[in-house]
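Summary of structural features
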Amino acid sequence: MTSSRRARMLRALAVRALLIALAAAAASPVAWAAFASLKHGRDITTRPFELPRPPTMRNYATAVEAGLLWQWLHSVLLTSVCVALVLLLASLAAYAFARLSFRGRGPLRTLLLSGMMVPVHAVLIPLFVAASRAGLAGSPLSLIGPYVAFSLPLSVLLLTAYFAEVPREIEDAARLDGCSDLRLWWHVLIPMARNGLITVGILQGVWIWNEYPMALVMLTGNWKTLPVGLAAFKGQYHADWGAVLAGLVIVAAPLLALFFVFQRWIVRGITAGAVRS
Amino acid sequence: MVPYAFVAPALFVFCAFALIPIALGLCAAAFRIDPVLRVCEYVGARNFATIASDPPFHIALRNNLLWILLSIGVQIPLALLLAAALIDQSRFCRALRTVFFSPLVIPGVAIGIMFSIVLDGQFGALNAALSWVEGHQVTVGWTADRRWALFCLIAVACWQYTGYHMMVLLAGMQGIPTELYEAAEIDGAGWWQRLGGITLPLLRRVMLADVLLVAIGSVKVFDIVQVMTQGGPNNATEVLATYMYSQAFMSERMGSGAAVAVVMLIITLGFAVIHSRLARLEAGAP
């Protein structure tokens, strides 16, 4: 009896060790990049696995001078504008789909949801041509419409589900008192479905922040988002690994930090969006 | 009129920036578009004939297919094992889940750049580590070597997405009643027996839906390929998305690019239709 218990404990320990080893292997490239970004140029290649001695911030200075901080700000701006618009438009539509009955509700919903899995590559050429014709080539304005449009289907789907879960009693009472739909949407459903809004906001925010193909095609000028800026920075400084790695850390660290703090929301949001990868 | 006023803004933006562009993209594939972006003449299916006779297009199709198969073969089993091993709410399990999931929030561009440095043939960290293990200098070109390049890229994609599929499957597993496991444990079923006898059959639909998600994602793959190899060396890692990008925006063959985009659209929609059928089947059960 005791020997079988010991065997089981040993096995559990072995499984844990294996899992830890796997996790360490999975985390190693990021950890290596973070340490290497603090090293002097040649040490990255000649002593790849030693701690930075002494650590240097020069690589970060190079990355900042190249404008990565500006692009960071661009990404923050573009992502927040788009997420705000997505939440506004999607929650209005979701209110109608969840609470109001009207002719054409089913077909309109299907039409909107049909866009869910469309690859952005399907619209790159028409959007690029349209933006060039409209004189918007290179401008961040050319990205707001497409980003919002491509975020809407999933956001409406998820928010409709969240709104449907809010109990109707409060609204029924308010409606009797002559409260308008717009006020119900703003004063009842938005606050009650706050979790859903945060989840959807984070899901679409991560997508917009990381989006590359559309930004690459549209942002031909100096105004760049982080992914485009980072790729251009890498092209320019490809021999200076220290600077490139510092750039990587500047791009990835805020997202990872946010992830560790708001993990619950992010995991829920992204797996709720299991239809978009 | 009130309901329509609520729906109209979203529908308008969706139609203007997604639906109509998709339709225009379908049309663009049937026209010749010159380098200054004027639509010139109707050419029917000629753009499709052009790409169909272009060897890189065939390579791209084959690579996307390989990408789908290998991603499914690696990510789903690994994600399933990890989810089954890390399902409980102990601090240990939660911490490891965080580690495995975290690559998903890093931009694909950053991941591509990071791995192109790690996998560099001359000074990369992987070769340095292998040299240390092997005791002599290892100089495999990884992404520069056409035998390895595609497999390296797929491995990077697996690194990025396995944790995500672990979470998707884990969400599905949480819907399985725990009494089933307790009963099986009393009957003396081991971990593997419980996985094969309870989890797998009850998770079949979730897994099938997840397999389709991997397939759809693999058809759209762009970021890491564009950043790490741009489809090279010699088109060895060309995928539909990079081929479309290079046709339309590097070689100024907008018509051919539009035709490739249509092929991508048809393939993803095919998978998406199957996926939504499954989702509808599933809608009855949580």
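Being a predicted model, the structure only gives us computed values, none of them experimental.

Quick look at the overall build of chain B
Secondary structure assignment for chain B yields 13 helices and two strands. Taking the principal axes of the C-alpha coordinates as reference, chain B spans close to 75 × 75 × 30 Å. Out of the 286 residues belonging to chain B, those deemed buried represent 46%. Look at the contacts in chain B between residues 6 or more apart in sequence, and 66% of them connect residues 24 or more apart.

Brief notes about the nonpolar core
Counting 173 residues, the largest nonpolar core has A90(A), A93(A), L152(A), A10(B) and M264(B) as the members making the most contacts within it. Setting aside its immediate chain neighbours within four residues, A93(A) contacts V156(A), F6(B), V7(B) and A10(B).

Notes on the confidence of the model for chain B
All names here are of chain B. Mean pLDDT over chain B works out to 87, with 96% of the residues at or above the 70 mark. Per-element confidence in chain B ranges from a low mean pLDDT of 76 for strand β2 (residues 39–42) to a high of 94 for helix α3 (residues 55–85). As scored by the predictor, the complex reaches a pTM of 0.89 and an ipTM of 0.87.

Description of the interface of chain B and chain A
As a measure of interface size, the accessible area lost when the parts come together is often cited. Each partner contributes to the interface: chain B provides 67 residues, whereas chain A provides 67 residues. Per-element tally for the side of chain B that touches chain A: the top contributor is helix α1 (residues 2–28) of chain B, with 19 residues. Taken together, the residues that form the side of chain B that touches chain A break down as 58 nonpolar, seven polar and two charged.

With respect to the domain arrangement of chain A
Residue and element names in this part refer to chain A. On domain assignment, one finds that chain A holds domain 1 (24–56) and domain 2 (69–272). On a C-alpha basis, the centroid separation for the pair domain 1 and domain 2 is 35 Å. Listed per partner, the contact involves seven residues of domain 1 and seven residues of domain 2. Going through the elements one at a time, α1 (2–36) and α2 (41–46) are the ones with two or more residues in the side of domain 1 that touches domain 2. Top element by residues in the side of domain 1 that touches domain 2 is α1. It accounts for three residues. Residue composition of the side of domain 1 that touches domain 2, grouped by class: four nonpolar, two polar and one charged.

Notes on unusual backbone geometry
If you check the backbone angles, W142(B) has positive phi at about 40 degrees while not being a glycine. Despite not being glycine, E252(B) has its phi angle at roughly 55 degrees, a positive value.

Here's the deal with the domain arrangement of chain B
All names here are of chain B. Once the domains are mapped, chain B shows domain 1 (1–44) and domain 2 (55–282). Using C-alpha coordinates to define each centre, domain 1 is positioned 31 Å away from domain 2. Opposite the nine residues of domain 1 that make contact, domain 2 presents seven residues. Counting residues per element, the ones that place at least two in the side of domain 1 that touches domain 2 are α1 and β1 (31–33).

About the criteria used
- Residues numbered from 1 in each chain as written.
- Chains lettered and ligands numbered in written order.
- Predicted model: local features only at pLDDT ≥ 70, side-chain atom pairs only at ≥ 80, totals over all residues.
- Helix = DSSP H or I, 4+ residues; strand = E, 2+ residues; numbered from the N terminus.
- Buried ≥ 20, exposed ≤ 12 C-beta atoms within 10 Å, placed from the backbone.
- Contact = placed C-beta atoms within 7 Å.
- Core = buried A, V, L, I, M, F, W, Y, C linked by C-beta atoms within 7 Å.
- pLDDT = per-residue confidence, 0-100.
- Nonpolar A, V, L, I, M, F, W, Y, C, P; charged D, E, K, R; others polar.
- Domains from an automatic or database assignment.

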